[in-house]
Amino acid sequence: MLRKLAFTGIKSRLRDYLVLFTGLVISSAVFYMFEALATNPQFLKNSTNGMSAASFIFQFGSVLLTIISLVYIFYANSFLLSMRQHDYGIFMMLGAKPTKIGRLILTETLVIGALSSVIGVVVGCLLTASLGSYLMQSILRTNVANFHAVHVPAILVTLVLYLVLFVIAGFINRRKLIKTPVLGLLKGDSQPNRAKLKPVSQFIQVVLGIGLLAVGYYVMKHFIDFQLASIPLALVTIVFGSYFLFNAVFVWLVVLLKKTKWAQRGINNFTLSQLGFRIRNYTKILATVSILFALALGAITVGMGFGKETDLFTQGSSGYTMALEDPSAAVKKQVNKLDTEKKVSYSEKQSKDTVYYVKEEFDRTPLQDVSDNWMKKMSKGKKAKISYQSFDGQKLQKNPGSLYYLQKNGSDKTVKIISQSEFVKIQVPRQQLYLFRVKNIEKSKKSLDKIVKTAYPKNYETIRSTIPGGYAGYLNGLEVFGGFEFMGFFLGIAFLAMLASCLMFKILSGANSDKHRYEMLNKLGVRKNTLRRSISREIMTLYALPGVLGIVHVLFGLQLFKTLLISPYQGIWLPFVIFIVLYLLYYLVTVKLYESIVLPAVEIDK
């Protein structure tokens, strides 16, 4: 009987459940993809870059997604309980025991959790096999031939985690329902929470809200001073600051606007009354949505920022693309086919603990290294071109640091610059340090890979990321920065789906109780276009407020990444535009769904 009631309840509210399903499915799908990438041993073993850092990044993304999904599931189940509490109240009025109703809630919660998790895993497999593989190739430029989208351990981890989260949420809902009086269950949806203007209380909340946000923004801006303590401190102050600001300013605006002449035009007063009916409940969800909005937009912005860092990191890591010791004629022939800017070779001799170079060779052809002027300009948001500084023999004798970076496998041997006569006296075999710089590493990557395979045929895959020069920096940058870009993109999409589902469901859950109000306006002769305009304004307000505050959160939050990103604000317009367009699509969908519920099918003319 309980099973039948559970499925009947889900079927009767299928449209509302589908809204929440969207966020749950996308969340579990992205989680599965991260786990499949992070735990697939065949992929990690045979990938071209080793992928050890990227594996950690994907695991880190899974942890972040789990934390946010936990909050989202609790919100989602709270909405489901509020949506069904009237039905539960009727069951209890007819004699059903609270324990039976509790089991019914737990059953419904687990059914929703199981369905969304299973569908999410299926979607995750498809996403991993299609879009995931494409992004891996385009962002990480890595070979995905050994990667299989269906990975059983990742499936088990995803299903177990999400089912455990739903069990916890189900028990919380069960406890909440048992402690709620029957009358509260029956009349909970129709109890208004009208805004009352209390000047002193409102002023205190405004000061608290602005003050807490200011503290949070200050901590993020001075991340170096506060270090790791800045993250929890900023999170707490911004969450509570957002709540106080919404709770005070939003209520204040609604009450004050109703006293203006604008409120008397058309049905503006009705729109404001709609907002004010459950204003206190909306402030909580709006504060939450503003945080989720900031996390979603921030994840995409920072991810794309890391993607741009790859080229900068590569160009700024070394003055040469590759440093090879005693290259063969075949290797030199392949290098000659490259589009190079610079080619040079220096004589060297290596003893047990020292590497010797000839001073006169550096006087004739100075060694080049990257100047740090470009980084200073980039950190100030200015465009800068990579420049190089030259080191002759005398400079290298005083500071041979640039030569240390060109030693094979990070050798800890001492580097000495000596004269030609002294060099000849050293009784060890003479070798050659061969250096070259290509104009574009990305375009030359395939040719560079062939050169490494020719030079190191036995251990190509393990040694390629340790060869001195920008080539190894490029591979390591792809793994780290590309991994963050990949993670940021999908985390942003998952966060967007969850925040939009929360706000959409909050709005749509009250649509049935609003239906009779629109029917009354229709009977009074209000045109549908006027009703649609009122609905659009009301929902636009609910979407715009957390969106604006979320953007402010992101602009300050990027300060946290100034130690990781050279120029975190450069080019942020692109992720902002992409995200806002997606956010507007959710807004339009919400408006259409709300209109389909509340607007009367038959229009009554005057």
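Structure first, text after, so check above.
Asker: I tried to follow the overall build of the chain on my own but got confused; where do I start?
Answerer: When helices and strands are counted, the chain shows 24 helices and seven strands. Taking all 606 residues of the chain together, the buried fraction comes to 50%. Relative to all contacts within the chain whose residues are 6 or more apart in sequence, the contacts with residues 24 or more apart total 84%. Only carbon and sulfur atoms are counted for the fraction: they give 63% of the accessible area of the chain, which is about 29200 Å².

Asker: Explanation requested: unusual backbone geometry in the structure shown.
Answerer: Backbone geometry follows two general trends: most residues other than glycine have a negative phi, and most peptide bonds adopt the trans configuration. Positive phi values are uncommon outside glycine, yet Asp-326 reaches one of about 45°. Counting through the fold element by element, Asp-326 comes out in the loop between strand E1 (322-325) and helix H13 (329-336). In this structure Asp-326 comes out as partly exposed when scored by relative accessible area, which is 41%.

Asker: I keep staring at the pattern of salt bridges and nothing clicks. Help me out?
Answerer: If the charged atoms of two oppositely charged side chains come close together, the side chains can form a pair. This model, assessed by the stated rule, comprises seven salt bridges. Ionic pairing is found between Arg-430 and Glu-361, a salt bridge with its closest N-O pair at 3.8 Å. Residue Arg-430 is located in strand E7 (residues 430-438), and its partner Glu-361 is located in helix H14 (residues 359-364); the two are separated by 69 residues in the primary sequence. Take Glu-361: its relative accessible area is 11%, and that puts it in the buried class. Linking Lys-445 and Asp-449 is a salt bridge whose minimum nitrogen-to-oxygen distance equals 3.2 Å. In this pair, Lys-445 and Asp-449 are both assigned in helix H19 (residues 441-455), four residues apart and thus about one turn of the helix distant. In terms of burial, Lys-445 and Asp-449 fall into one category: buried.

Asker: What's the story with the sheet that holds strand E3 (residues 354-358) in this structure? I'm lost.
Answerer: Backbone hydrogen bonds hold the strands of a sheet together, and the pairing may be parallel or antiparallel. An order of E1-E7-E2-E3-E6 is seen for the five strands of this open sheet, with the pairing classed as mixed. Looking at the sheet topology across the chains shown, the edges are occupied by E1 and strand E6 (414-418). Strand-to-strand twist across the sheet, computed as the mean angle between neighbouring axes with direction ignored, equals 30°. Summarising the sheet, E3 and E6 pair through five bridges and their orientation is parallel. Among the inter-strand pairings, Val-358 is bridged to a residue of E6, identified as Ile-418. Docked against the sheet, H13 engages E1, strand E2 (340-350) and E7, running at close to 20° with respect to E7. Lying on the sheet, H19 is in contact with E1 and E7; it crosses E7 at an angle near 155°.

Asker: How should I be thinking about the packing of aromatic side chains in this particular structure?
Answerer: The relative placement of two aromatic rings is captured by the distance of their centres and the angle of their planes. Summed over the entire model, instances satisfying the criterion amount to 13 aromatic pairs. When the ring of Tyr-543 is compared with that of Tyr-587, the centres are 5.8 Å apart and the planes differ by 70°; the resulting orientation is edge-to-face. Pair noted here: Tyr-543 is in helix H23 (residues 528-557) and Tyr-587 is in helix H24 (residues 573-598), with a separation of 44 residues, a long-range link. Neither Tyr-543 nor Tyr-587 differs from the other in exposure class; each is buried. These aromatic residues form a ring-pair network of at least three members: Phe-293, Tyr-543, Phe-579, Tyr-583 and Tyr-587. Positioned over the ring face of Phe-423 is Lys-349, at 4.8 Å from the centre of the ring. Against the face of Tyr-320 rests Arg-437, its NZ or CZ located 5.9 Å from the ring centre.

Asker: Just to check I follow, could you spell out the side chain of His-553 for this structure?
Answerer: Topologically, His-553 is positioned in helix H23. If sequence neighbours within four positions are ignored, His-553 has contacts with Leu-213, Tyr-217, Met-220, Ile-238, Ser-242, Ser-290, Ile-291 and Ala-294.

Asker: Explain the packing of H13 against H19 here, please?
Answerer: How two helices pack is summed up by the angle between their axes together with the distance between the axes. Where H13 meets H19, the axes come as close as 9 Å, and the angle between the chain directions of the two elements is 175°. The angle between the axes of H13 and H19 places the two elements in the roughly antiparallel class. Taken together, the residues of H19 that come into contact with H13 (itself represented by Ala-330, Val-331, Gln-334 and Val-335) are Lys-450, Ile-451, Thr-454 and Ala-455. Taken together, the residues of the contact of H13 with H19 sort by class into five nonpolar, two polar and one charged.

Asker: Is there a simple way to explain the packing of helix H22 (residues 511-523) against H24 in this structure?
Answerer: Put simply, H22 and H24 touch, their axes get as near as 8 Å, and they point 60° apart. Between H22 and H24, the crossing angle belongs to the class labelled oblique. In this structure, H22 crosses over H24, and the sense of that crossing is right-handed. On H24, the residues touching Ala-511, Asn-512, Asp-514, Lys-515 and Tyr-518 of H22 are Tyr-594, Ile-597 and Val-598.

Asker: I'm lost on the environment of Asn-268 in this one. Help?
Answerer: With respect to the helices and strands, Asn-268 occurs in helix H11 (residues 268-277). Relative accessible area serves as the criterion here: at 7%, Asn-268 is assigned to the buried category. Residues Asn-268 and Ser-534 lie 266 residues apart in sequence; the distance between their C-alpha atoms is 7.2 Å.

What counts, and at which threshold
- Residue numbers run consecutively from 1 along every chain, following the written order of its sequence.
- Reporting in this predicted model follows two pLDDT cut-offs: at least 70 for local features of residues, and 80 or more for side-chain atom pairs to be given and counted; totals over whole chains, interfaces and linings ignore these cut-offs and use all residues.
- Note: side-chain values were computed over all heavy atoms of the structure, leaving out hydrogens and water.
- Counting from the N terminus, the helices are DSSP H or I runs at least four residues long and the strands are E runs at least two residues long.
- Working definition: with a 1.4 Å probe on protein chains only, accessible area under 20% of the residue-type maximum means buried, over 50% means exposed, and in between means partly exposed.
- Whether two residues touch is decided by their heavy atoms; if any such pair falls within 4.5 Å, the residues are in contact.
- Working definition of accessibility: Shrake-Rupley area with a 1.4 Å probe, residue cover restricted to the visible protein chains.
- A carboxyl oxygen of Asp or Glu within 4 Å of a side-chain nitrogen of Lys or Arg is what we treat as a salt bridge.
- Only when DSSP finds a minimum of two bridges between them are two strands counted as paired.
- Under this scheme, a helix contributes an axis fitted over its contacting stretch, all axes are lines through C-alpha atoms, and angles between N-to-C directions fall in the 0 to 180 degree range.
- For this analysis, a ring pair means two rings from Phe, Tyr or Trp (six-membered ring only for Trp) whose centres lie within 6.5 Å, classed as stacked if their planes differ by under 30 degrees, edge-to-face if by over 60, and tilted for the remaining angles.
- Only Lys NZ and Arg CZ are tested; either one counts as a charge over a ring when it is within 6 Å of the ring centre and within 35 degrees of the ring normal.
- Throughout this description, any angle smaller than 35 degrees is read as roughly parallel, any larger than 145 degrees as roughly antiparallel, any in the 65 to 115 degree range as roughly perpendicular, and the remainder as oblique.
- Charged means Asp, Glu, Lys or Arg here, nonpolar means Ala, Val, Leu, Ile, Met, Phe, Trp, Tyr, Cys or Pro, and polar covers whatever is left, Gly included.
- We call a crossing left-handed when the near helix sits turned anticlockwise from the far one by less than a right angle, and right-handed when that turn is clockwise.

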